[in-house]
Amino acid sequence: MTRAVPRTVRVVAALIPRPGPEDGGPRYLVQQRLPGGSRALLWEFPGGKVEAGETDEAALARECREELDVELSVGRRLWEGRHTYPDLTVELVLLAATIVSGEPKPLGAHQLAFHTPTEMQALPFCEADIPLLDDLLAGRLGALD
Ligand SMILES: Nc1nc2c([nH]c(=O)n2[C@@H]2O[C@H](COP(=O)(O)OP(=O)(O)OP(=O)(O)O)[C@@H](O)[C@H]2O)c(=O)[nH]1
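Residues numbered from 1 in each chain as written. Predicted model: local features only at pLDDT ≥ 70, side-chain atom pairs only at ≥ 80, totals over all residues. Heavy atoms only, no water.

Remarks on the overall build of the chain
Line of reasoning, step 1. Across its full length, the chain holds three helices and seven strands.
Line of reasoning, step 2. Secondary structure elements of the chain, listed N to C terminal, follow the sequence β-β-β-β-α-β-β-β-α-α.
Line of reasoning, step 3. Taken against the 2.2 N^0.38 rule, which gives 15 Å for 145 residues, the C-alpha radius of gyration of the chain at 15 Å falls within 12% of a compact globule.
Line of reasoning, step 4. By the burial criterion, 42% of the 145 residues in the chain qualify as buried.
Line of reasoning, step 5. Contacts in the chain between residues at least 24 apart in sequence constitute 67% of all its contacts with a sequence separation of at least 6.
Line of reasoning, step 6. In the structure as shown, the chain presents an accessible area of about 7,700 Å², 53% of it carried by carbon and sulfur atoms. (Helix = DSSP H or I, 4+ residues; strand = E, 2+ residues; numbered from the N terminus. Rg over C-alpha atoms; globule rule 2.2 N^0.38 Å. Buried < 20%, exposed > 50% of the residue type's maximum accessible area, 1.4 Å probe, protein only. Contact = heavy atoms within 4.5 Å. Areas by Shrake-Rupley, 256 points an atom, 1.4 Å probe, with all protein chains shown as cover.)

And the structure:
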């Protein structure tokens, strides 16, 4: 029997710096996925799937409004990669973003946290994000605004 090929989805994610002074280097918002579903309790950047007819930027603003209750200003594309899980192929796009209003709330996540790139390396992250985390830590994403 042949195995079904996992469907491909485009996923946008946000690199959102913690507002205020940077003690110990910049920190960015990450979230732990809910227990029970796919990639349960793994960490990821806030965001989600791009819907048909939507731009990456509009999808990211919508996802963060729905899942964090914040309004974003979305900046440039920082990173793009592709990863195949057993259930899904993810085309992952990371965009720079800042919060223009609201305090992030974990409406769709188990918990939220601000972490440095070094701290992120120690968290169990979604596999698609591993090369992204390496590039972030090594300063290969360019200017992060
Ligand atoms: N938001 C986000 N999703 C990621 C990242 N890395 C990664 O592999 N993903 C995967 O991309 C998909 C994101 O879609 P989603 O957030 O709408 O999916 P979900 O499973 O939480 O919700 P769903 O029940 O609506 O499908 C998930 O399968 C998630 O595991 C990341 O850094 N951020």
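Observations concerning the pattern of salt bridges
Line of reasoning, step 1. Within the structure shown, the criterion is met by 16 salt bridges.
Line of reasoning, step 2. Taking the shortest distance from any N to any O, the salt bridge between Arg-39 and Asp-87 comes out at 3.1 Å. Taken together, the positions of Arg-39 in the loop between strand 2 (28–32) and strand 3 (43–44) and Asp-87 in the loop between strand 5 (71–84) and strand 6 (88–101) put the pair 48 residues apart, joining distant regions of the chain.
Line of reasoning, step 3. For Arg-39, a relative accessible area of 17% puts it in the buried group.
Line of reasoning, step 4. Residue classification places Asp-87 among the partly exposed positions, given a relative accessible area of 39%.
Line of reasoning, step 5. A salt bridge links Glu-71 to Arg-65, with the shortest nitrogen-to-oxygen separation between them at 2.8 Å.
Line of reasoning, step 6. When its relative accessible area of 40% is taken as the criterion, Arg-65 is described as partly exposed.
Line of reasoning, step 7. In this structure, a network of salt bridges that share partners links the residues Arg-10, Asp-56, Arg-77, Glu-80, Arg-82 and Glu-91. (Salt bridge = Lys/Arg side-chain N within 4 Å of Asp/Glu carboxyl O.)

Points about the layout of surface pockets
Line of reasoning, step 1. Size it by volume and the largest pocket reaches roughly 570 Å³.
Line of reasoning, step 2. Contributing to the lining of the largest pocket are 27 residues, with Arg-33, Glu-44, Gly-47, Gly-48 and Lys-49 lying nearest its centre.
Line of reasoning, step 3. Of all the secondary structure elements, the ones that give two or more residues to the lining of the largest pocket are strand 1 (7–15), strand 4 (47–49), helix 1 (56–68) and strand 6.
Line of reasoning, step 4. Of all the elements, strand 1 adds the most residues to the lining of the largest pocket, at four residues.
Line of reasoning, step 5. The residue makeup of the lining of the largest pocket, split by class, is 13 nonpolar, six polar and eight charged. (1 Å grid on protein atoms, 1.4 Å probe; cavity = no way out; pocket = protein on both sides within 12 Å on 5 of 7 lines; lining within 4 Å. Points joined across faces, edges and corners; volume = space filled by probe spheres on them. Nonpolar A, V, L, I, M, F, W, Y, C, P; charged D, E, K, R; others polar.)

Some words on the site of the ligand
Line of reasoning, step 1. Of all residues adjacent to the ligand, which total 17 residues, the nearest are Arg-39, Phe-45, Lys-49, Tyr-85 and Asp-129.
Line of reasoning, step 2. A distance of 2.9 Å separates an oxygen atom of the ligand from a polar side-chain atom of Arg-33.
Line of reasoning, step 3. Residue Phe-45 places a main-chain N or O atom 2.7 Å away from a nitrogen atom belonging to the ligand.
Line of reasoning, step 4. Notes on the ligand: free accessible area 630 Å², of which the protein chains cover 74%.
Line of reasoning, step 5. Cavity membership is defined here by more than half of the atoms lying within 2 Å of grid points; on that basis the ligand lies in the largest pocket.
Line of reasoning, step 6. Contributing elements (two or more residues each) for the shell around the ligand: strand 1, strand 4 and strand 6.
Line of reasoning, step 7. Counted by class, the shell around the ligand contains nine nonpolar, three polar and five charged residues. (Near = heavy atom within 4 Å. Polar contact = N/O pair within 3.5 Å; in protein donor to acceptor, adjacent residues only side chain to side chain. Sits in = over half its atoms within 2 Å of the grid points.)

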